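Spelled out, the chains give:
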Amino acid sequence: MIARDWFSEQQQDLWPGQAFSLKVIKFVHEEKSKYQNIKILETETYGTCLVLDGIIQCTTRDEFSYQEMISFIPLNSHPNPTKVLIVGGGDGGVAREVAKHPLVKEIHQVEIDKRVVELSKKYLPNMACGFYDPKLQLTIGDGLDYMRKHEKEFDVIITDSSDPIGPARSLFEENYYKLMSNALRPGGVVCSQGGSYWLEAGYVKDTINSCRKHFRSVAYAHTSVPSYPCGHIGFIIGCVDFTRDFKSPITNFSDKELDDMNVKYYSSSIHSAAFALPRWVEKCFK
Ligand code: SAM
């Protein structure tokens, strides 16, 4: 039984038979936008929490693990990531991290739901600060449509999408990987939210295989985020036309550089470690 002051993340299609719950101090905001149900919660131990269609997107306590890893793994797997596209990312956290990278000159972001951006600016200022960076240009629109209209433009494409139900479903399909491969410049790198092997190893494998059809090098990295189901999330990373050993970052930041950028989770060693997989997962993803 879940009491009224607890939020319980129950998603029977994506993670049947389990639910992660957070004690809520205040139900701050709820609305139905054109695309999804949006909730903002103030929780007892995880800070402010953004929930879309019943699924936790981020909490102020642990968001940096996800935002730093999905940003710095691909950026440091490219020798000169000057022009970057972010798809989704309506809380602004990925834009905040990408903007810190000294080689990045231009950031374009396409987010489908302007209400997520507006509410994040109001209730999640520590993430939404990414939207105020002078390098960023935000477009409100669908990531798949946007990708169709851009060819050979970006060095890195980061897909910070919600889960593969609702408006984000198309961002996990093979056609999306094909369009991303066309939107990249030579040597371009993609990194997408790729789900957890603990929950959906078969689904993750299908997405990796979709990526393999259009990218020369493909790998899966992962990190821990306590407020995500199973406390775990993965990323699918690919280089379109070169063989790349993603485990070895091309750019290595010193401790001082990481401190100056206020980077709390990512380092060169955790970059490499993120690609180490349990034996059963290696076999499954082969
Ligand atoms: N880190 C989060 C996670 O893994 O659950 C994702 C956070 S971010 C809030 C996800 C964003 O993707 C949402 O703001 C959502 O509106 C956006 N989104 C979903 N489908 C999209 C699409 N087709 N095009 C662009 N943005 C999309």
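Just so you know, these numbers come straight off a predicted model, no measurement behind them.

Chemist: So what exactly am I meant to see when it comes to the pattern of salt bridges here?
Modeler: Where charged atoms from two side chains of opposite charge come close, those side chains can pair. Going through the model one piece at a time under the given rule, you end up with 14 salt bridges. A salt bridge links Glu 97 to Lys 100; its shortest N-O distance comes to 3.0 Å. Of the two residues, Glu 97 and Lys 100 are both situated in helix H2 (residues 93–100); the distance of 3 residues between them amounts to about one turn of the helix. Overall, Glu 97 belongs to the buried group, its relative accessible area being 1%. Residue classification places Lys 100 among the partly exposed residues on the basis of a relative accessible area of 22%. Salt-bridge contacts for Asp 245 lead to Lys 247; the nearest nitrogen and oxygen are separated by 4.0 Å. The network of salt bridges with common partners includes Glu 63, Arg 96, Glu 97 and Lys 100.

Chemist: Help me understand the site of the ligand in this model?
Modeler: Among the 24 residues in the neighbourhood of the ligand, the closest are listed as Glu 111, Asp 142, Gly 143, Pro 167 and Tyr 228. Measuring from a nitrogen atom of the ligand, one finds a backbone N or O atom of Ile 112 at 3.2 Å. Protein chains shield 99% of the accessible area of the ligand, which is 600 Å² for the free molecule. Looking at the shell around the ligand residue by residue, the classes come out as 9 nonpolar, 10 polar and 5 charged. Both domain 1 (2–59) and domain 2 (63–285) contribute no fewer than three residues apiece to the shell around the ligand.

Procedures and definitions
Residues numbered from 1 in each chain as written. Predicted model: local features only at pLDDT ≥ 70, side-chain atom pairs only at ≥ 80, totals over all residues. Heavy atoms only, no water. Salt bridge = Lys/Arg side-chain N within 4 Å of Asp/Glu carboxyl O. Helix = DSSP H or I, 4+ residues; strand = E, 2+ residues; numbered from the N terminus. Buried < 20%, exposed > 50% of the residue type's maximum accessible area, 1.4 Å probe, protein only. Near = heavy atom within 4 Å. Polar contact = N/O pair within 3.5 Å; in protein donor to acceptor, adjacent residues only side chain to side chain. Areas by Shrake-Rupley, 256 points an atom, 1.4 Å probe, with all protein chains shown as cover. Nonpolar A, V, L, I, M, F, W, Y, C, P; charged D, E, K, R; others polar. Domains from an automatic or database assignment.

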